[in-house]
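One-letter residues, chain by chain:
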Amino acid sequence: MNENISSILKAVSKPGRYSGGEYGQIIKDKEKVKARFAFCFPDTYEIGMSNLGVRILYGVLNNEDDVWCERVYTPWVDMQEEMKKHGIPLTACESGDPLTAFDMIGFTLQYEMSYTNVLNMLDLAGLPLRSCDRDDSMPIIIGGGPCAYNPEPVADFFDLFNIGEGEEMLPELCRLYIKMKEEGSYTKEAYLHEAARSIEGIYVPSFYEVSYNEDGTIKAYTPKYDDIPTSIKKRIMTDMDKSYFPDKVVMPYIETVHDRIMLEVFRGCIRGCRFCQAGIIYRPVREKSPEVLNSQARCLFESTGYDEISLTSLSISDYTQLEELTDMLLEWTDENMVSLSLPSLRVDSFTKELMDKIASVRSSSLTFAPEAGSQRLRDVINKNVTEEDLLRAVNVAFEAGKNMVKLYFMQGLPTETYEDIEGIAILASHVIDAYYKCPTRNKAKKPQVTISVACFIPKPFTPFQWEAQDTLEMLAEKQEFLGSKITDRKIKFNHHDAKVSRIEAVLARGDRRLSDALELACREGFKFDAWDEYFDYDKWISVLERTGADPAFYANRAFGLDEVLPWDIIDCGVTKEFLRRERDKAYAENTTPNCREKCSGCGANRLGGERTCCPKLSKTEN
Amino acid sequence: MLSEVKQNGKLNEKRRVLALPELTPPRTVRLKFCKVGTLQYISHLDLQRTFNRIINRACLPVWYTKGFNPHIKLVFSTPLSVGAQSVCEYLDIRIDREMSCEEIKDRLNAEMTSEFYITEAYLPSSDFSEIAWASYDISITTGGASAELAAKAEKLLTTSPLMMIKKGKAGEKEVDIVKMIHSLTATFDESTGNVNIKATVRASSTEYLNPEFLITALKSNLSILGGDPKKEYYSIMRTVTLKEDMTEFR
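All figures in this text were calculated on a predicted structure; none of them were measured in a lab.

Caption draft 1: Inspection of the overall build of chain A at higher detail. Looking only at helices and strands, one finds 20 helices and 19 strands in chain A. At 24 Å, chain A has a C-alpha radius of gyration in line with the 25 Å of a compact globule built from 622 residues. Taking the principal axes of its C-alpha atoms as reference, chain A extends roughly 75 × 65 × 55 Å. Taken over 622 residues, chain A has a buried fraction of 52%. In chain A, once contacts between residues fewer than 6 apart in sequence are set aside, the share between residues at least 24 apart is 77%.

Below, the structure written as structure tokens:
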């Protein structure tokens, strides 16, 4: 099936994205394997190769002797043009075979704006977009990842979704497929039914009929069979020390976004910021022990030769044994010229001791995320950091000779006032003042504070899932207001494009009726909508309108507290009652202690888990 | 579960290597390597990063630059453009512990692939600046390939002047590429139906002819390689680099 496409590769940008042949790629005899799995990341090679989840699941699937998992990424626009022009279908990196040659195709759904790339890839593969148009001879299309917690906008395109962590689910799906093929009992319908019935965490959207109320809200989800779950509970790996860990990875030749060892320290987050979806859907917190992590890091250094280890987890400084871990790592990383880096730091945990151990903070710039400009609003979102914490953290940095600080904020948060927004400018100026007050600062340099302001997007499974997003006009007005409050040239102000955030909100809280809009978007050539240069707001509004979808219904409407939400069919472990309580506390400007201080009874502990901070007793009712 | 994480003992190996007798000053070792197949699409910059990792995996006792940001010192010979393969690339590394060239080669090859591997490791007695010429084998699969086409190609590429625009740091300038060609023959291979070109062209740091230029000249003057790209294509293989006196560079 491998055609000579060298002429095309020589004509496109970054051909190393498509040529394969990397050290560490897994090649199997396709005559001997019983199931071929194409793992698709719906974005460029450089982004997809950086994803830890893909690295893990590629290893998990290839651990099955009779399964061959290969990688597929979205070809860049210039390559797509060549493919279309010369009738070249989308192929997998390892074998170069077209996607139609596979038994199963999995897509990881990491962000809503990649949905158009999913459809674009199915189209490039020559496969019908909708599940109902694909017959028994075609590959089973599987979705997973964080966006699968509300899969409804793309429900009609997928045959099934994995809800939760895939390390066990994906091999189980392959085993079932192989078994039914060998028995001769395989039909697409029978396979999907058996998967929905017997494998926990599997959601087959076509098996649930959705009815609607007159006002357009959802009335009910009705299962088509009585032996499939009425609510799909997410799967988790209970013991992270025993969970599969990829001891080698495919080494990209071309530079990727995260071109380093990614050491997953724990899953989940103890914090519970009220806008944050990741902080809820990955609960409960499950840590790995420092001995296991050290051993895994050594193993990866030996098999990859990377000279940087990034400790990746949400809010990494919340790891209970961070000091033990970094000490163990430093015992061998220094002599091997391997540096450590941390992706994000909370201001309340940033210390000089930590900074000295971490290479990423050796650069002149540090990043913190206060998220809101006033203490009132930080309480509303349950950020649980104070201005004092921030000033103490930047002081540590300034004392060490740094002069640049990046601060992340959000605008359009529930209950936000102009006073809160002005607070962003004031906070930034206080950071500048702190620089000049620091006696050991680098006197040769001027301070620089960059503030990046994102737009609030209400996300499923957060306490703010019911909230209305500010209208475009409101967001623009607030951006302009903040700009006018920043007069100091030492403060740089960036803000996200509110138009992208609005479409993201539509897709995040969307339901099945959006599939028509997404199909039309694909037909009209939408792709790479997560890339500023390809996102076109007016075209999005046009496809939504032409398919009868009102963007304001999804983005700017306050969802009713008693309303059936599109994602109510999914059970992420955390209860709706908890989210509701958190919402009430937000409006009362009350904070919630983190999981380690006190259990607030979110419900995630019923999923189990080792080395968690959840009490063993179920406390789901308050 | 700890036992299931497979350590392959490289860290211990690295410690053993670092305990070997120290070399002062560090010793330069030259590596000759192949970069063929899919590796032709990997740029020079990407190659540098890749070698860093290979050297780490191979536990070589490489010397690190001193200073704020210590790094491995890698010096490559004439860069190869993306889309060209080679069996004669050179890289100088420095080691500061005793290790034989043969062992360095074997250790590196254990971490490389069938498209990208070391063919020789030795102590160099020449400088990369001595490279003056490079020879290429170019194979062209195109509609209308024939002995006549081969003759036309040879005539075109050996008849001065053949002016082409060359982009350099100082902007664009027009050059006669024939003056940068030492020798060139084009033949038609009946068994494959390809036109094969053997060319030796300038490859010094001050005067360098990208072999792609030969293809570009053929495309625009003989109207070849313009059809279905799945059926018409070409490959470029650098076979040898030469000194000014036309002896092989080592």
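On we go from here.
Caption draft 2: Seen up close, helix α9 (residues 290–304) of chain A. Residues and elements named next belong to chain A. With 15 residues, α9 extends 21 Å from end C-alpha to end C-alpha; this agrees with the ideal 21 Å at 1.5 Å per step. Burial of α9 is extensive: 14 of the 15 residues sit out of reach of the surface. Glycine 305, located one to two residues past α9, shows a positive phi value of around 80°.

Caption draft 3: Spotlight on the packing of helix α17 (residues 515–523) of chain A against helix α18 (residues 537–546) of chain A. Residue and element names in this part refer to chain A. At their nearest, the axes of α17 and α18 sit 8 Å apart, and the two run at 130° to each other. Relative to α18, α17 is oriented oblique. α17 and α18 meet at a crossing whose hand is right-handed. Contacts between α17 and α18 involve Ala517, Leu520 and Ala521 from the first element and Val543, Leu544 and Arg546 from the second. Split by residue class, the contact of α17 with α18 holds five nonpolar, no polar and one charged.

Caption draft 4: Up close: the confidence of the model for chain B. Looking at chain B, the pLDDT average stands at 92 and 97% of residues meet or exceed 70. The complex prediction reports pTM at 0.94, with the ipTM value standing at 0.91.

Caption draft 5: Spatial organisation of the domain arrangement of chain B. All names here are of chain B. What the domain assignment reports for chain B is domain 1 (2–125) and domain 2 (129–243). Look at where the C-alpha atoms of domain 1 and domain 2 centre, and you get two points 32 Å apart. Between domain 1 and domain 2, the residue contacts involve 10 residues of the former and 13 residues of the latter. In the side of domain 1 that touches domain 2, the residues fall into four nonpolar, six polar and no charged.

Caption draft 6: Geometry of the pairing of strand β4 (residues 140–144) of chain A. All names here are of chain A. Here β4 lies mainly inside the structure; five of its five residues are buried. Here strand β3 (residues 104–108) pairs with β4 via five bridges, running parallel. Looking at the pairing, isoleucine 105 lines up with isoleucine 141 of β4. In this view, the connection linking β3 to its parallel neighbour β4 by way of helix α5 (residues 115–125) has right-handed handedness. In terms of strand pairing, β4 meets strand β5 (residues 160–162) through two bridges, oriented parallel. Each bridged residue has a counterpart across the sheet, and for glycine 143 the counterpart in β5 is phenylalanine 161.

Caption draft 7: Structural context of the environment of aspartate 43 of chain A. All names here are of chain A. Mapping aspartate 43 onto the fold places it in the loop between β1 (35–41) and α2 (45–48). Since 22 C-beta atoms lie within 10 Å of it, aspartate 43 is described here as buried. Taking the C-alpha atoms as reference points, aspartate 43 and glutamine 110, separated by 67 residues in sequence, lie 9.8 Å from one another. With residues near it in sequence (within four places) discarded, aspartate 43 still touches Gly48, Tyr73, Thr74, Ser114, Asn117 and Ala530.

Caption draft 8: Spotlight on unusual backbone geometry. Looking along the chain, the bond that leaves arginine 283 of chain A and enters proline 284 of chain A is cis, with omega of -5°. Checked against the element boundaries, proline 284 of chain A lands in the loop between α8 (278–281) and β12 (286–287). You will see that methionine 337 of chain A, though not glycine, has its phi angle at about 60°, which is positive. Positionally, methionine 337 of chain A belongs in the loop between α10 (322–333) and β14 (339–341). Notably, methionine 246 of chain B is not glycine yet its phi reads approximately 70°, a positive angle. Turning to its location among the elements, methionine 246 of chain B is positioned in the segment after β10 (233–243).

Caption draft 9: Looking closely at the sheet that holds strand β13 (residues 308–312) of chain A. Residues and elements named next belong to chain A. The three strands lie next to each other as β10-β13-β14, forming an open sheet whose pairing is parallel. At either end of the open sheet lies a strand with only one pairing partner, and these are β10 (261–264) and β14. Recorded for the sheet is a direction-independent mean angle of 25° between the axes of neighbouring strands. In terms of strand pairing, β13 meets β14 through three bridges, oriented parallel. Bridge pairing in β14 links glutamate 308 to serine 339. α9 rests against β10 and β13 of the sheet, and its axis sits at about 165° to β10.

Caption draft 10: Quick look at the packing of helix α4 (residues 147–158) of chain B against helix α5 (residues 212–222) of chain B. Residues and elements named next belong to chain B. For the pair α4 and α5, interaxial distance at closest approach is 11 Å and the crossing angle is 115°. Seen along the crossing, α4 lies across α5 with a hand that is right-handed. Counting all contacts with α4, which are made through Leu149, Lys152, Ala153, Leu156 and Leu157, the residues of α5 involved are Leu214, Ala217, Leu218, Asn221 and Leu222. Tallied by class, the residues present in the contact of α4 with α5 amount to eight nonpolar, one polar and one charged.

Caption draft 11: Looking closely at the interface of chain A and chain B. With 37 residues of chain A in contact, the opposing surface of chain B contributes 34 residues. Counting residues per element, the side of chain A that touches chain B draws most heavily on α9 of chain A, which supplies eight residues. Across the side of chain A that touches chain B, the residue classes tally to 14 nonpolar, 13 polar and 10 charged.

Caption draft 12: Quick peek at α17 of chain A. Residues and elements named next belong to chain A. When we look at burial in α17, the residues that qualify are Ser515, Ala517, Leu518, Ala521 and Cys522. In an axial view of α17, the angular spread of the buried residues amounts to 160°, which keeps them on one side of the axis. Looking at the packing, one finds that the buried side of α17 touches α5 and α18. At the C-terminal side of α17, glycine 525 shows a positive phi close to 90°.

Caption draft 13: The confidence of the model for chain A, seen in detail. This prediction gives chain A a mean pLDDT of 94; 97% of its residues lie at or above 70. Across residues 617–622 of chain A the pLDDT falls below 50, and counting only partners more than four positions away or on other chains, this stretch makes nine contacts in the model.

Caption draft 14: Representation of the sheet that holds β4 of chain A. All names here are of chain A. If you trace the six strands from one edge of the open sheet to the other, you get β2-β1-β3-β4-β5-β6, paired in mixed fashion. Strands at the two margins of the open sheet, each flanked by one partner only, are β2 (67–73) and β6 (202–203). In this structure, β1 lies alongside β3, joined through four bridges in parallel fashion. Directly across from phenylalanine 37, in β3, lies its bridge partner methionine 104.

About the thresholds
- Residues numbered from 1 in each chain as written.
- Chains lettered and ligands numbered in written order.
- Predicted model: local features only at pLDDT ≥ 70, side-chain atom pairs only at ≥ 80, totals over all residues.
- Helix = DSSP H or I, 4+ residues; strand = E, 2+ residues; numbered from the N terminus.
- Rg over C-alpha atoms; globule rule 2.2 N^0.38 Å.
- Buried ≥ 20, exposed ≤ 12 C-beta atoms within 10 Å, placed from the backbone.
- Contact = placed C-beta atoms within 7 Å.
- Expected span 1.5 Å × (residues − 1).
- Axes fitted to C-alpha atoms, helices over the stretch in contact; angles between N-to-C directions.
- Parallel < 35°, antiparallel > 145°, perpendicular 65-115°, else oblique.
- Left-handed = near helix turned anticlockwise from the far one by under 90°.
- Nonpolar A, V, L, I, M, F, W, Y, C, P; charged D, E, K, R; others polar.
- pLDDT = per-residue confidence, 0-100.
- Domains from an automatic or database assignment.
- Pairing = 2+ DSSP bridges.
- Right-handed = clockwise from strand over helix to strand, strands pointing away.
- Arc of directions from axis to C-beta.

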